[in-house]
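Per-entry structural report
Next come the chains, spelled out residue by residue.
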Amino acid sequence: WEFNGSFYQPSAFLMMGIPGLEALHHWISIPFCALYLIALLGNCMILFIIKTTQSLHEPMYYFLSMLAVTDLGLVLCTLPTTLGIFWFNMRRIGFDACLTQMYFIHILSFIESSVLLAMAFDRFIAISHPLRHPSILTKTTVMKIGLVIILRGMVSLLPIPFLLKRLTYCRKTELSHSFCFHPDIMNLACADIKVNVFYGMIILLSTVGMDFIFIVLSYILIIKTVIGLATKEECLKALNTCVSHICAVLVFFVPMIGLSMIHRFGKNVPPLVNTLVAYTYLIIPPALNPIIYSIKSSHIREALLRALRRKTE
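An account of the accompanying structure is given in this report. (Residues numbered from 1 in each chain as written. Predicted model: local features only at pLDDT ≥ 70, side-chain atom pairs only at ≥ 80, totals over all residues. Heavy atoms only, no water.)

**Regarding the overall build of the chain**
Broken down by element type, the chain carries 12 helices and 4 strands. C-alpha extents for the chain along the principal axes are approximately 70 × 45 × 35 Å. Taking all 313 residues of the chain together, 49% fall into the buried category. (Helix = DSSP H or I, 4+ residues; strand = E, 2+ residues; numbered from the N terminus. Buried < 20%, exposed > 50% of the residue type's maximum accessible area, 1.4 Å probe, protein only.)

**Some words on the state of the cysteines**
Tallying each qualifying case throughout the model produces 2 disulfides. Paired through a disulfide, Cys-98 and Cys-180 show a sulfur-sulfur distance of 1.9 Å. Taking the sign of the torsion about the S-S bond as the criterion, the disulfide between Cys-98 and Cys-180, at about -120°, is left-handed. Linking Cys-98 in helix 3 (residues 95-128) with Cys-180 in the loop between helix 6 (159-165) and helix 7 (182-186), this pair joins segments that are 82 residues apart in sequence. (Disulfide = S-S within 2.5 Å.)

**Looking at the packing of helix 2 (residues 59-88) against helix 11 (residues 271-296)**
One can describe the packing of helix 2 onto helix 11 by two numbers: an axis separation of 9 Å at closest approach and a directional angle of 135°. Comparing the axis directions of helix 2 and helix 11 gives the class oblique. Every pair of crossing elements has a handedness; the one defined by helix 2 and helix 11 is left-handed. Along the contact surface, helix 2 presents Leu-64, Leu-67, Asp-71, Leu-74, Val-75, Thr-78, Thr-82 and Phe-86, while helix 11 presents Tyr-279, Leu-282, Pro-285, Pro-286, Asn-289 and Tyr-293. Looking at the contact of helix 2 with helix 11, its residues break down into 10 nonpolar, 3 polar and 1 charged. (Axes fitted to C-alpha atoms, helices over the stretch in contact; angles between N-to-C directions. Parallel < 35°, antiparallel > 145°, perpendicular 65-115°, else oblique. Left-handed = near helix turned anticlockwise from the far one by under 90°. Contact = heavy atoms within 4.5 Å. Nonpolar A, V, L, I, M, F, W, Y, C, P; charged D, E, K, R; others polar.)

**Overview of the pattern of salt bridges**
Here the structure, examined in full by the defined rule, presents 4 salt bridges. When the shortest N-O distance is used, the salt bridge between Arg-91 and Glu-174 registers 2.4 Å. With Arg-91 in the loop between helix 2 and strand 4 (92-94) and Glu-174 in the loop between helix 6 and helix 7, the pair connects residues that are 83 residues apart, well separated along the chain. Put simply, Arg-123 and Asp-122 hold a salt bridge, and the shortest N to O gap is 3.0 Å. When sorted by exposure, Arg-123 lands in the same class as Asp-122, which is buried. (Salt bridge = Lys/Arg side-chain N within 4 Å of Asp/Glu carboxyl O.)

**Observations concerning the packing of helix 3 against helix 5 (residues 139-157)**
At a closest axis distance of 9 Å, the pairing of helix 3 and helix 5 adopts a crossing angle of 145°. In this structure, the crossing between helix 3 and helix 5 has a hand that is right-handed. Contacts between helix 3 and helix 5 involve Tyr-103, His-106, Ile-107, Phe-110, Ile-111, Ser-114, Val-115 and Ala-118 from the former and Ile-145, Ile-149, Ile-150, Arg-152, Gly-153, Met-154, Ser-156 and Leu-157 from the latter. Tallied by class, the residues present in the contact of helix 3 with helix 5 amount to 11 nonpolar, 4 polar and 1 charged.

**Here we look at the nonpolar core**
Formed by 89 residues in total, the largest nonpolar core has its most connected members in Phe-13, Leu-64, Leu-116, Leu-164, Tyr-169 and Ile-185. Sort the elements by how many residues they give to this core and helix 3 lands first, with 19 residues. In contact with Ile-185, other than residues within four places in its own chain, are Phe-13, Cys-98, Leu-99, Met-102, Leu-164, Tyr-169, Leu-175 and Cys-180. (Core = buried A, V, L, I, M, F, W, Y, C linked by side-chain atoms within 4.5 Å.)

**Examining the packing of aromatic side chains**
Describing an aromatic ring pair means giving the distance of the ring centres and the angle of the ring planes. The tally for this structure, following the rule as stated, stands at 12 aromatic pairs. Centre to centre, the rings of Phe-13 and Phe-95 are 5.5 Å apart; their planes meet at 40°, and the pair counts as tilted. In this pair, Phe-13 is assigned in strand 3 (residues 12-14) and Phe-95 in helix 3, connecting sequence segments 82 residues apart. The pair Phe-13 / Phe-95 is uniform in exposure class, with both members buried. Plain terms: the ring middles of Phe-212 and Phe-253 are 5.1 Å apart, the flat faces sit at 50° to each other, and that makes the pair tilted. Taken together, the residues span a long stretch of sequence, with Phe-212 in helix 8 (residues 194-227) and Phe-253 in helix 10 (residues 243-265) at a distance of 41 residues. Taking the relative accessible area as the measure of exposure, Phe-253 reaches 2% and is therefore buried. Site record: aromatic cluster; members linked through ring pairs are Phe-212, Phe-252, Phe-253 and Tyr-281. (Phe/Tyr/Trp six-rings, centres within 6.5 Å; stacked < 30°, edge-to-face > 60°.)

**Digging into the environment of Cys-235**
Of note, Cys-235 is situated in helix 9 (residues 232-240). Taking relative accessible area as the criterion, Cys-235 reaches 16% and is therefore assigned buried.

Written as structure tokens, this is what we have:
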């Protein structure tokens, strides 16, 4: 502990695996390893296919590449500490290292939310204004959107580590997860955390909250456009292009909203539920997104099959 008058700051935190199942951590690590492997290989495969297939060099797949890179970042942020606990019971993480991990986890989560919004906008333009789609979402425009998404996440979350460093902490240093999460660290403080709570809530609502609202509005407009199409076949074809994105939105936002609600209002929620929702939020979307898009996107499926045929020849 660092002591300076009445100011206390821990040199390290202790992370937690799955409460009550510590004796089974080695066995539990098997499905986690499988999910991490699927996420790493699946997202790398998506990036490779999009890069090497000229026909996929269009806005929808550029945004999918951004989603894959973000998912890879989330996996690489949590993999070392999670598997370190399951395999070697390495629970200790330095204070500054914890804040760094927390910062990148939240940035990547905010970026993923923004990318899903950009993908919803792309689907809206493609369905509502198909002829103008290439001129509206040019390669330069997509790059600018990507840059704005990254800067938005970095700038909005920049004060968070400094707000945590100014707090005085209690003797309890045990976190609720195998990774560092802002509400989790904040709740270990003995000082007034109203500023942290207020800023965290404002940033969450003005970024992820607004993203979700605009995604819903995009789909309301998409449905309105699709209803006006001439035939039932055209309606189904238009909606079919959105299925993958809708699945990705649900897989990301449902556990994220659940985890946020548990940390802020779920004082009586069992620790096991809290832990499982956290793992679902950070590990399941990176593993499922490549599978969802590989199954639903015929272009990616065909490109993957061509790549496999070339390797077998």
